[in-house]
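# Observations on chain architecture
Each chain is listed here by its residues.
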Amino acid sequence: MCIQVCPRNVLAIKEKKALIINRDACLECGACAKNCAFNAITGDFGVGCAAAMISGLLRFGDPDKGTCDCEGSSGSTGCC
Amino acid sequence: MPLTPADTDKEKSSCCCCGPKVRKTILSWNVLDYFGAILCRVSNRFRMRYRVDPGLYSLGSPTPEAQVFVTANYKLSFDHVRKGLGAIDAWILVLDTKGINVWCAAGKGTFGTEELVRRIGSEKVSVKVSHKTLIVPQLGAPGVAAHEVKKRTGFSVVYGPVRSKDLREFIANNNTVTPAMRTVTFTLTERMVLVPIEVLAIAKKSIIPLIATALIMGLQKQGILFHQMWVLTAPIILALCAAIVSGCILHPLLLPLMPVRSFALQGIILGLLVGVLLHLSGLISQSSIYAQAALYLLIASLSSYCAVNFTGSTPIANKSGVKKELKIAVPLYIAAAAITAILLIVYKISQERIL
């Protein structure tokens, strides 16, 4: 399943094992980890959105706490 | 304020055994759908309110055997799914993603296992259909754990293609995705449709600093003089426009040709190139070294800021990479803004022959 959900072909199966074959292409979206029934994949996954990170850095000193311009008027922490 | 699709007729079929009402929607797009799709590309405000009600929709005349396609309640996503399905009778299960598209909502978790499980239950999907398969867009995978959904609802998740235009081929291939269908692309067209929103966002942010700069430049002993304001501010407006063109238009246009991976650096390179071209053409050449330095700094830093902001719109930037470059870029942007302001003030003072 991890191979199938990767939108950048980062992983491949070789000798019945999933291997990272294209690390630079990884979006760190976490689709592979989320869909691994064996919890074999871990990482710091998330959205690579600079607008949200700049907002987090300037307001809270933490890039992971920001929201981008797309934040909805209804209070949703949306994006793009 | 959720919008109901113009072509959606709420069918009152709610009862104790069948569950909540199923909304009917027609196959083809109408004028309002096309108009909405264009407005989404030029107005962030409109885009954030362009929603459909979450729930189960019938497309055409689906039987209990018809397939169920899951999508977000951003109306443009919903519209693309029904357009992609064409004349196929199907069910569309719309999750409440607060009006956000599938990819971003999956990243934020609103298009996720919890919402999908909840919506399968609240819409009584197992009563409406006779099978146990859901077609979930592949870009929803960061939020949905297929094995969890299976365990909690009995429904098997089959990941469909990245682009809804491939849905018919996917169905014709017996629900099988080809490698091309499951790979994200970022073609010239896909990049350029993002340009208007990027340009408008940065233009909006520039208005107040520009007005403040214009007022300072027009300041005289007699008050604020328009002629003086225009003479001194016109090159700054030109530099600002050049930075926006460089960072928001040329950068997406030339993205695959960029020699470096860092978006911030890409913006600086393009900004400096545009700056040099304008300088050589005489459009922003200044007799004052302070003004010239300020204009170059403005173009390079703002172009870089625009380029970095583009990361959130791309399917090629990752979290660790963006975080790494922002640790260097953000302090530089703050420093560049402060130095530009100081240089312009020194320039203004020198123009008044105070220095």
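The structure presented is a predicted model; accordingly, all values stated were derived computationally and were not measured. (Residues numbered from 1 in each chain as written. Chains lettered and ligands numbered in written order. Predicted model: local features only at pLDDT ≥ 70, side-chain atom pairs only at ≥ 80, totals over all residues.)

### Re the overall build of chain A
Check the secondary structure of chain A and you find 3 helices and 2 strands. In sequence order, chain A lays out its α and β elements as α-β-β-α-α. The burial tally for chain A puts 39% of its 80 residues in the buried class. In chain A, once contacts between residues fewer than 6 apart in sequence are set aside, the share between residues at least 24 apart is 18%. (Helix = DSSP H or I, 4+ residues; strand = E, 2+ residues; numbered from the N terminus. Buried ≥ 20, exposed ≤ 12 C-beta atoms within 10 Å, placed from the backbone. Contact = placed C-beta atoms within 7 Å.)

### A few points about the overall build of chain B
Helix and strand counts for chain B stand at 14 helices and 9 strands. Its C-alpha atoms give chain B a radius of gyration of 26 Å, more than 25% over the compact-globule value 20 Å for 355 residues. Within the span of chain B, comprising 355 residues, buried residues form 43% of the whole. For chain B, the proportion of contacts with a sequence separation of at least 24, taken over those separated by at least 6, is 69%. (Rg over C-alpha atoms; globule rule 2.2 N^0.38 Å.)

### Things to note about the pairing of strand E2 (residues 17–20) of chain A
Side-chain positions along a regular strand alternate between the two faces of the sheet. In this structure, strand E1 (residues 11–14) of chain A lies alongside E2 of chain A, joined through 4 bridges in antiparallel fashion. Each residue of the ladder has a partner; that of Ile13 of chain A, found in E2 of chain A, is Ala18 of chain A. (Pairing = 2+ DSSP bridges.)

### Points about the pairing of strand E5 (residues 90–95) of chain B
All names here are of chain B. Within E5, 6 of the 6 residues are buried, which leaves the element mostly enclosed by the surrounding structure. Judged by which residues are buried, E5 turns out to be covered on both faces: Ala90, Ile92 and Val94 on one side and Trp91, Leu93 and Leu95 on the other are all buried. Inspection of the sheet shows strand E3 (residues 55–59) paired to E5 by 5 bridges, in the antiparallel sense. From the neighbouring strand, Leu59 faces E5, where its bridge partner is Ala90. Alignment of strand E4 (residues 68–72) against E5, held across 5 bridges, turns out to be parallel. Within E5, the residue paired with Ala72 across the bridge is Leu95. In the classification by handedness, the crossover that spans E4, the intervening helix H3 (residues 75–85) and the parallel E5 is right-handed. (Right-handed = clockwise from strand over helix to strand, strands pointing away.)

### Description of the interface of chain B and chain A
Listed by partner, the interface residues are 38 residues for chain B and 38 residues for chain A. Elements with a minimum of two residues in the side of chain B that touches chain A: helix H2 (44–48), helix H4 (102–108), helix H7 (146–153), helix H13 (289–309) and helix H14 (319–351) of chain B. With 7 residues, H14 of chain B is the single largest residue contributor to the side of chain B that touches chain A. Each residue belonging to the side of chain B that touches chain A can be placed in one class, and the counts come to 19 nonpolar, 14 polar and 5 charged. (Nonpolar A, V, L, I, M, F, W, Y, C, P; charged D, E, K, R; others polar.)

### Considering helix H10 (residues 195–218) of chain B
Residues and elements named next belong to chain B. Over its 24 residues, H10 runs 33 Å from end to end, which matches the ideal 34 Å to within 8%, given 1.5 Å per residue. The principal kink in H10, of about 35 degrees, is found at Ile207, preceding the proline Pro209 by one to four residues. If you check which residues of H10 are buried, you get Ile197, Glu198, Thr213 and Met217. (Expected span 1.5 Å × (residues − 1). Bend = angle between axes of the 7 residues up to and from the residue.)

### Some remarks on the domain arrangement of chain B
Residues and elements named next belong to chain B. As assigned here, chain B comprises domain 1 (8–184) and domain 2 (189–351). The C-alpha-based centres of domain 1 and domain 2 are spaced at 41 Å. Contacts between domain 1 and domain 2 engage 4 residues on the former and 6 residues on the latter. Among the residues forming the side of domain 1 that touches domain 2, the class breakdown is 2 nonpolar, 1 polar and 1 charged. (Domains from an automatic or database assignment.)

### Some remarks on the packing of helix H3 (residues 50–60) of chain A against H14 of chain B
The contact between H3 of chain A and H14 of chain B brings their axes to 10 Å, and the two run at 50 degrees. By the angle class used here, H3 of chain A and H14 of chain B are oblique. The handedness of the crossing between H3 of chain A and H14 of chain B is right-handed. In contact with Ala50, Met53, Ile54 and Leu57 of chain A of H3 of chain A, H14 of chain B contributes Val322, Lys323, Leu326 and Val330 of chain B. The residue inventory of the contact of H3 of chain A with H14 of chain B, partitioned by class, reads 7 nonpolar, no polar and 1 charged. (Axes fitted to C-alpha atoms, helices over the stretch in contact; angles between N-to-C directions. Parallel < 35°, antiparallel > 145°, perpendicular 65-115°, else oblique. Left-handed = near helix turned anticlockwise from the far one by under 90°.)

### Focus: the packing of helix H5 (residues 113–122) of chain B against H7 of chain B
All names here are of chain B. Running from amino to carboxyl end, H5 crosses H7 at an angle of 30 degrees, the nearest separation of the two axes being 10 Å. When the axes of H5 and H7 are compared, the pair comes out roughly parallel. Where H5 crosses over H7, the handedness of that crossing is right-handed. Every residue of H7 that contacts H5 at Thr113, Leu116, Val117 and Ile120 is listed here: Glu148, Val149, Arg152 and Thr153.

### Here's the deal with helix H12 (residues 263–280) of chain B
Given 3.6 residues per turn, any residue in an α-helix points the same way as the ones three and four places further on. Residues and elements named next belong to chain B. With 18 residues, H12 ought to run about 26 Å at 1.5 Å a step, and its terminal C-alpha atoms sit 26 Å apart, in line with that. Burial in H12 covers these residues: Phe263, Ala264, Gln266, Gly267, Ile268, Ile269, Leu270, Gly271, Val274, Gly275 and Leu278. The positive-phi residue at the C-terminal boundary of H12 is Gly282, with phi of around 85 degrees.

### Some words on the confidence of the model for chain B
Residues and elements named next belong to chain B. Summing up the model confidence of chain B, the mean pLDDT is 89 and the portion of residues at 70 or higher is 94%. When the elements of chain B are averaged for pLDDT, strand E1 (residues 8–10) gives the smallest value, 44, and E4 the largest, 97. In the predicted structure, residues 1–16 sits below a pLDDT of 50 and forms 35 contacts with residues beyond four places in sequence or in another chain. Scored as a complex, the prediction yields pTM 0.84 and ipTM 0.82. (pLDDT = per-residue confidence, 0-100.)

### Quick notes on the confidence of the model for chain A
Chain-level statistics for chain A give a pLDDT mean of 79 and a share of 84% at 70 or above. Scored below 50 in pLDDT, residues 72–80 of chain A makes 35 contacts in the model with residues more than four places away or belonging to other chains.

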